[in-house]
Amino acid sequence: MYPRAFHYHRAGSLKEAVTMLSQLGEEGKLLAGGQSLIPLMKLRFANPKHLVDLNFVPGISYIKEDKGSLRFGALTRHAEVEYSATAAKIPIIHDCAAGIADVQVRNRGTIGGSIAEADPSGDWATVLSTLDTTIRCLGRKGERTIPLSKFITDAYTTALGPEEIVSEIIVKNPPKGSGGAYLAFKRSAPVYPTASAAVQLRMEGDVCEDAAIALGCVGLTAIKASQAESALRGQKISETTMNAAAEAARAAADPQPDMRGSAEYKRMLVGALVKRAIELAIRRARGEQVEVSHLYA
Amino acid sequence: MKDNNRNWVGKPLPRKEEGRLLRGRGKFADDIKIREMLYLRFVRSPYAHARILKVDTSRAEGLPGVVGTLTGKQIEPLTQPFIEIGPEPCAKIRDFPLAVDKVRYQGEPVAAVLAESPSLADDASELVQVEYEGLDPVVDAEQALKDESILHESAGTNKVWNGVFEYGDVEKAFREAAQIVNIDRLHFHRFSSTPLENNVVIGQWDPKDDHIYYWCNNSFPSFAIQFLAAHLNIPIDRIRVQTFDIGGSFGIKITSYPQMAVCALASKKAGGRPIKWVETRSEHMTASAHGNERTFRDTRVALDQDGVITAITSRHVDDCGAYPRYEPLGCVIWSQVFPGVYRFKNARIDFTQAMTNKCPVGPNRGYSRMQHLWFLERVVDICAHELGIPADQMRLRNYIRPEEFPYTTPNGCVYDSGDYPKMLAIAKNLIGWDEWKKKQAEARKQGRLIGIGIGTTLDSGTNNFGQSQIVNPHAPFSGNSQGANCKLDIYGEVVVAVGSCPQGQGHETTAAQVVADVLNISPDLISVRTGFDTERNVHTGFSGTYASQFAVSGLSAVHGAAQKLKAEMKRLAAFVLETQEDDIEFGRGAQGPELRAQTKGKSINYWGLANIVNVNSAVLPPEMHDITLNCRYIWRAPFKVPDTKKKYGNLTMTYASQLHIAIIEIDRDAFIPRILDYVAVDDCGTVINPAIVEGQVYGATAHGIGAALMETCVYDAVGNMLTSTFSDYTPITAMNMPKVKYGHIETPSPHSYSGAKGMGEGGAAPVHTISAALQDALFSSGIIIGDSFNNADTLFRAMVGREIYQADKLVKLERRA
Ligand SMILES: Cc1cc2nc3c(=O)[nH]c(=O)nc-3n(C[C@H](O)[C@H](O)[C@H](O)COP(=O)(O)OP(=O)(O)OC[C@H]3O[C@@H](n4cnc5c(N)ncnc54)[C@H](O)[C@@H]3O)c2cc1C
């Protein structure tokens, strides 16, 4: 169907977008890549009266290295991340960007839109929660930064105020000896995963010094599997420790049955993905160049 | 019969239609805009089964830009219910294109709104208020047969049709069987086709001439107009249907006539303004048409000591959704391939069709035969595994043998030609059967699960509509026919028109190849009219594009028309060049194609001939006046009406066959089935255009792999459709496709003039093949594959949950001493 009629506003800067949002009140909504918002509008599940378009704001689409961090402008497209050599310095970020949906969606969809949408199945939130990530926000009262773990509060819910905007996403470079991998199982390219696992490790020899594990699509938000992390932290990685981490991940998952699979299957799957992702993360931590691709039906 | 002049037929000519389609210059129904056109949006039922208490359209009508609305109550007195093909009591079903008193599936149209723009129509559709009273939905066919909740009160039952197909001496075969395999339940799932282009109708009921004009993408217009004329109380010659380029149909667009009816009625109400309806993808997924779902119960298979099947008995329950529409034709169409590719002579199939509160079915690619062929392939593989016979050996022991063609099946069908053992040998060779067997054994030792599966299937084409009389002795249909016209236009252009409406099958190209060989000219010089148009007068009651038949019915008609034209050209040239007809040669001169008098050294080109007949006719003597150079030919299939009591007779002209092999690995931690290797071997007799045939094979293979592993129409217990978007239905994409190795053989059909067989549906070969491979991987773990749809979740539930597919519960083997 066609969306309901709406007014279109083109922001010239983030500041102007904030002003527009505060004047439009609840009826206003930002438009970034439109890859979540437009389908919802076409199904008439979302019916905003006003759209504030960010696509013509200059200088908010970038990937910069700065003081040990990577900074992503809110309007940076998934495809820009996919093809960025700078972003590829954190391989798990490349895994994420390159595995989102299909070319069309990646060419339009943005990292800022994804984080702001807080879709329980969104890839970015899962991957970025294994890294030290903060979200920079701009509001009427000025700027603030919020750690990702405090930013997404529930399914489709964030800490953003009504006229606040995500302006930048800042990811700290992982320490030396780190490696990570992101794996999802998808029934076909242009759909969200059935389940996914992001694993980021810091290794010293065979011993895992630190571990961050996040599970996607098996809860209302990305789930930090802290028991699974503990199963690895300080341990020599072996089949046994990996199995323990996978088991702990299964226990942490809280999946719902839907067309993507039964709850039991998703729970089982997410453990399998964690285990495979650990293996890949270790190889990368050792400095190996590993191409990672999602699993497809 | 055979044509010996083969310069063009058999060549992989690039498609004539490629240039426009690949450049985005195709002309599709939605590209058409007509002055004063209005846009229609349906208001659809959110419930699967409910009584309509009230439809209030006043708010919608109040919206500026809205021209009118239409409800079921309004159209009921103006129309006849649609024709029912089936017999009593289901002939009493009152099927209207907008629900009148009740809704019977989620997404059923209840009202329509007409507005000046598509988005206004969408807005207005939200303002129509419908009050419903919920009724018990029934979504399972076997449950529906209990008649606890009736869909159509006028019929009084949910049972559409029941019949027993029995041949040979079943009891004797079971008495003498060395072993008997019992299979409790098998189930073929509901899936559909996802053509790139959804349904589109522009309809105009023009008050100036009281004609109805359609610009649309219906894929069987001559069938649609028969339904529409009776429904709308209008003489059939006042309905003109035109189709253009069509972005796929796969049979699903055959049943768009209800929407066509609404567009005409809406146009009438709007004073004759043309009405455009463009279906959304969600509408297409919930409410266009799905494929038939079928459950196979209490199957018993008698075998001799070598694993040769001697008899099968089974009870089949087909689910046709909420309205029969094209059904119950599917209740007999499966019997075109009654024994599949196998030799067993004794069988009894008790076939029942039921209505449920789900989207009505339509003749989806592989229609009704694929369900049965899948059943037979499951039977063969389950028996093979139970008896410890390798799948290839089991097939070789049971296949109809090459020397037995033409082969008459137990129910009187005549399989024209084929060589299944040879296809198997080619497929095994292409896949590297022996190496895979070794790899499989090694993998097993490492605990890996690899399965090797074979699927052998048939694509029966050009059907005998007389089979409709098996489901309803009063059905006024039999035989099959197609029309074509071939003419020399005034300046000598060769112009061909056919009653088909291609959806990507390359009819323009293959028709031109056929005519090129008849006239000995290049296909580039032949223009083939695209699309369908009732006013071209080349259609018969069977014209359209469906059921794997163009190469036979369509091209036979084209060939006939071209032969007629050729004969006239020869006669005329002999007169003009003052020679005998057998002195005339069709060739090429300095000015293009010409007819030469070999003994006289004189010639006349096409323009010269066309000129005489069209604009210079005074030079013709009266005995030449019957020459028109405008030759219409109606081809008729040589069928007889089947014996409806015995359910016996030849139901189809040609039997293309497919043999696929898949190698699949199921990983042990995520249970994702992965195709490691895939071979498709095809036999459609003499090939008209190898590139087109190969393309059809890849397309059908993709569709089948999608159906086997990804695509399923799911309803919840109360009839909500859970797969109404591509995110849920997940149609197969290139990313999910394995590399397909293609092979083919040609066993020319003795039944068609060219030796060609219809093809394109592909018999859902991958569905059978993938089920077989999965079972091969899992049988040693006590699992049989009992459903045609399998994904990682299914395999997990079978292997870990042990909820489904347990061989010890579903299969019983009785061995006799
Ligand atoms: C077919 C399909 C498949 C997909 N598959 C996947 C997948 O597998 N994995 C995945 O992660 N995603 C997937 N997506 C979603 C895609 O990644 C989207 O791009 C993403 O979810 C939203 O980003 P966007 O830029 O398109 O945001 P939009 O759709 O424009 O906006 C989304 C929401 O965020 C708000 N918003 C946007 N930008 C900002 C901002 N800077 N500050 C505050 N609020 C903002 C908007 O107002 C809106 O509410 C898929 C999308 C489609 C259409």
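These numbers come from a predicted model, not from an experiment.

### Observations concerning the interface of chain A and chain B
Step number 1: Taken together, the 22 residues of chain A in the interface contact 28 residues of chain B.
Step number 2: Of the roughly 2300 Å² buried where chain A meets chain B, counting both sides, 60% is carbon and sulfur surface.
Step number 3: Of all residues in chain A, A:Met1, A:Met259 and A:Tyr265 bury the most surface against chain B, accounting for 25% of the area lost on that side.
Step number 4: The interface formed by chain A and chain B holds five salt bridges in total.
Step number 5: With its nearest N and O atoms 2.6 Å apart, the salt bridge here joins B:Asp669 to A:Arg276.
Step number 6: Taken together, the elements giving at least two residues each to the side of chain A that touches chain B come down to α11 (263-285) and β15 (295-296) of chain A.
Step number 7: Of the residues forming the side of chain A that touches chain B, the biggest block, six residues, is contributed by α11(A).
Step number 8: Grouping the amino acids of the side of chain A that touches chain B by side-chain chemistry returns 14 nonpolar, three polar and five charged.

### Some thoughts on the packing of helix α11 (residues 369-387) of chain B against helix α12 (residues 391-398) of chain B
Residues and elements named next belong to chain B.
Step number 1: Running from amino to carboxyl end, α11 crosses α12 at an angle of 120°, the nearest separation of the two axes being 9 Å. In terms of axis orientation, α11 runs oblique to α12. Handedness of the crossing formed by α11 with α12: right-handed. Touching Glu377, Val380, Asp381, Cys383 and Ala384 of α11 are Ala391, Met394 and Arg395, all from α12.
Step number 2: Of the residues in the contact of α11 with α12, the class split is five nonpolar, no polar and three charged.

### Re the packing of aromatic side chains
Residue and element names in this part refer to chain B.
Step number 1: By the definition in use, this model includes 31 aromatic pairs over all chains.
Step number 2: The interplanar angle of 10° and the centroid separation of 5.4 Å between the aromatic rings of tryptophan 334 and phenylalanine 351 together place this pair among those described as stacked. Pair noted here: tryptophan 334 is in the loop between α10 (330-333) and β15 (346-354) and phenylalanine 351 is in strand β15, with a separation of 17 residues, a long-range link.
Step number 3: Here tryptophan 334 falls in the buried class, since its relative accessible area comes to 0%.
Step number 4: Classification of phenylalanine 351 as buried rests on a relative accessible area of 0%.
Step number 5: Both rings, one in phenylalanine 465 and one in tyrosine 546, keep their centres 6.4 Å apart while their planes meet at 75°; by these two values the pair is edge-to-face. Taken together, the residues span a long stretch of sequence, with phenylalanine 465 in the loop between β18 (449-463) and α15 (468-471) and tyrosine 546 in the loop between β21 (526-528) and α17 (550-576) at a distance of 81 residues.
Step number 6: Residue phenylalanine 465 is classed as buried on the basis of its relative accessible area, which comes to 8%.

Here is what the cut-offs are and how they apply
Residues numbered from 1 in each chain as written. Chains lettered and ligands numbered in written order. Predicted model: local features only at pLDDT ≥ 70, side-chain atom pairs only at ≥ 80, totals over all residues. Heavy atoms only, no water. Contact = heavy atoms within 4.5 Å. Buried area = accessible area lost by both parts, 1.4 Å probe. Salt bridge = Lys/Arg side-chain N within 4 Å of Asp/Glu carboxyl O. Helix = DSSP H or I, 4+ residues; strand = E, 2+ residues; numbered from the N terminus. Nonpolar A, V, L, I, M, F, W, Y, C, P; charged D, E, K, R; others polar. Axes fitted to C-alpha atoms, helices over the stretch in contact; angles between N-to-C directions. Parallel < 35°, antiparallel > 145°, perpendicular 65-115°, else oblique. Left-handed = near helix turned anticlockwise from the far one by under 90°. Phe/Tyr/Trp six-rings, centres within 6.5 Å; stacked < 30°, edge-to-face > 60°. Buried < 20%, exposed > 50% of the residue type's maximum accessible area, 1.4 Å probe, protein only.

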